[in-house]
Amino acid sequence: MSPTFWRRSLRRLKYHLDAGVLRNPPSRRRLRRQAPVLDEVQRRVVDRLSTDGIAVLPAGELPALASTWPELRAAGRAFAGSARVAREVERYRRTAGDGGAGSESYLVQRQRSGGVLQPDDPLLRFGLDPAVLDTVNVYLGLWSRLIYADVWYTIPSAVDRAPVASQRWHRDPEDAQLVKVFLYCEDVDRDGGPFEYVRGSARGPYRELWPNPDPFSASYPPPGAVEERIPAADRLCCTGPAGTLIFCDTHGLHRGGQAYLHPRILATWVFVPPASPFDRRYAVEAHRSAAAGSDAARFALGI
Ligand SMILES: O=C(O)CCC(=O)C(=O)O
């Protein structure tokens, strides 16, 4: 047996122990003990997530977010106008014919991996607002961890360029159930790299199709297979105006970011159950002051 075999087996064993005994069950009990009271909009989001795997709504429908989302829009615009994005766009244009085609280099992420987020950053305030966090937690049935929060700038590419990385249909590897939240900072039309999702592929009728090869690797169905097998009515294309908010279980089949005519600017958050072996990809500055939020928010931050 190779060292890789043993490493994988150990990882799997640890995951099952954490999911079945050590980490998820206490987290479920925490949610039950401090059960959040959801408003009608949040309940609708949880229902949609549970049946379709995705819920799309204007951020303004959640009143608590009405003031935070314009701040994120401004943050997105500031990032889009930054020297770093200009450099990356220039580099992409030079290399898209070769190196750019095989990677996610079409995507400029504001946060560098392990980078620090200030506790008052609108990204954290939005992601940890009970309007978002309680909704995610009730869907997942436990207190989740927020492992990623970022602003993305998607560089438009040539129409004939083959999709790469997350532009291809796939299932995320972080866990068997997770929630990604996307907030469009500008309008996104069909040429602006909309997020796409197969309704019913997380829990519904398509959940068994193209499963992940093991619990922590993503599955990428062969090109054309999803279109062949799944009726167009179940392949949702999430175009929408600025402020469109998407809650989505990305264990289901999804793809996005194939922008042609305009760049796409969005903010995104990733929530996973405690047992997920995926670590938080940011640090929180002065994290004690972020502790002013709810117990569930402190748990989400891992503090
Ligand atoms: O950019 C997108 O719309 C898709 C992102 C994605 O597939 C992911 O975050 O897993």
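Everything in this summary refers to the structure shown in the same document. (Residues numbered from 1 in each chain as written. Predicted model: local features only at pLDDT ≥ 70, side-chain atom pairs only at ≥ 80, totals over all residues. Heavy atoms only, no water.)

Once that is clear, we can look at the environment of Trp152. If you trace the backbone, Trp152 turns up in strand β4 (residues 145-154). In this structure, the C-alpha to C-alpha distance between Trp152 and Thr250, residues 98 residues apart in sequence, is 17 Å. Setting aside its immediate chain neighbours within four residues, Trp152 contacts Phe79, Leu107, Val108, Gln109, Phe182, Arg264, Ile265, Leu266 and Thr268. In this structure the side chain of Trp152 is engaged in a polar contact, spanning 2.9 Å, whose partner is the side chain of Tyr148. (Helix = DSSP H or I, 4+ residues; strand = E, 2+ residues; numbered from the N terminus. Contact = heavy atoms within 4.5 Å. Polar contact = N/O pair within 3.5 Å; in protein donor to acceptor, adjacent residues only side chain to side chain.)

Within the structure shown, the criterion is met by 7 aromatic pairs. Ring geometry for Trp143 and Phe299: centres 5.7 Å apart, planes at 55 degrees, overall tilted. Residue Trp143 is found in the loop between α7 (130-140) and β4, and its partner Phe299 is found in helix α10 (residues 295-301); the two are separated by 156 residues along the sequence. As far as the burial class goes, Trp143 and Phe299 line up, both buried. In this structure an aromatic cluster arises from ring pairing among Trp152, Phe182, Phe195 and Tyr197. Over the ring of Tyr282 we find Arg280, and its NZ or CZ is 5.2 Å from the ring centre. (Phe/Tyr/Trp six-rings, centres within 6.5 Å; stacked < 30°, edge-to-face > 60°. Buried < 20%, exposed > 50% of the residue type's maximum accessible area, 1.4 Å probe, protein only. Lys NZ or Arg CZ within 6 Å of the ring centre and 35° of its normal.)

With that settled, the discussion passes to the sheet that holds strand β2 (residues 107-109). Across the sheet, 6 strands lie side by side as β1-β8-β5-β10-β4-β2; this open sheet has antiparallel pairing. Strands with a single pairing partner mark the edges of an open sheet, and in this sheet they are β1 (54-58) and β2. The average angle at which neighbouring strand axes cross in this sheet is 25 degrees, direction not considered. Where helix α4 (residues 68-80) meets the sheet, it contacts β2, β4, β5 (179-184) and β10 (264-272), and its direction lies at approximately 50 degrees from that of β4. (Pairing = 2+ DSSP bridges. Axes fitted to C-alpha atoms, helices over the stretch in contact; angles between N-to-C directions.)

Moving on, we get to the packing of helix α3 (residues 40-52) against α7. One can describe the packing of α3 onto α7 by two numbers: an axis separation of 9 Å at closest approach and a directional angle of 40 degrees. Here α3 runs over α7; the crossing is right-handed. Here Gln42, Val45, Val46, Leu49 and Ser50 of α3 come into contact with α7, specifically with Pro130, Ala131, Asp134, Thr135, Val138 and Tyr139. Looking at side-chain class alone, the contact of α3 with α7 contains 7 nonpolar, 3 polar and 1 charged residues. (Left-handed = near helix turned anticlockwise from the far one by under 90°. Nonpolar A, V, L, I, M, F, W, Y, C, P; charged D, E, K, R; others polar.)

Together, Leu17, Val21 and Leu22 line one region of the surface with nonpolar side chains, adding up to about 280 Å² of accessible area. As for its position among the elements, Leu17 is in helix α1 (residues 3-22). (Patch = residues over 30% accessible without salt bridge, like charges linked within 9 Å, V, L, I, M, F, W, Y side chains within 5 Å. Areas by Shrake-Rupley, 256 points an atom, 1.4 Å probe, with all protein chains shown as cover. Salt bridge = Lys/Arg side-chain N within 4 Å of Asp/Glu carboxyl O.)

What follows deals with the nonpolar core. By size, the foremost hydrophobic cluster in this structure holds 75 residues, and its most contacted members are Leu245, Phe247 and Trp269. The residues touching Leu245, leaving out its near neighbours within four places in the chain, are Ala55, Val56, Leu57, Ala59, Leu62, Leu65, Phe126, Val181, Phe182 and Leu183. Val198, Val226, Ile230 and Leu253 belong to the second largest nonpolar core, which has 7 residues in total. (Core = buried A, V, L, I, M, F, W, Y, C linked by side-chain atoms within 4.5 Å.)

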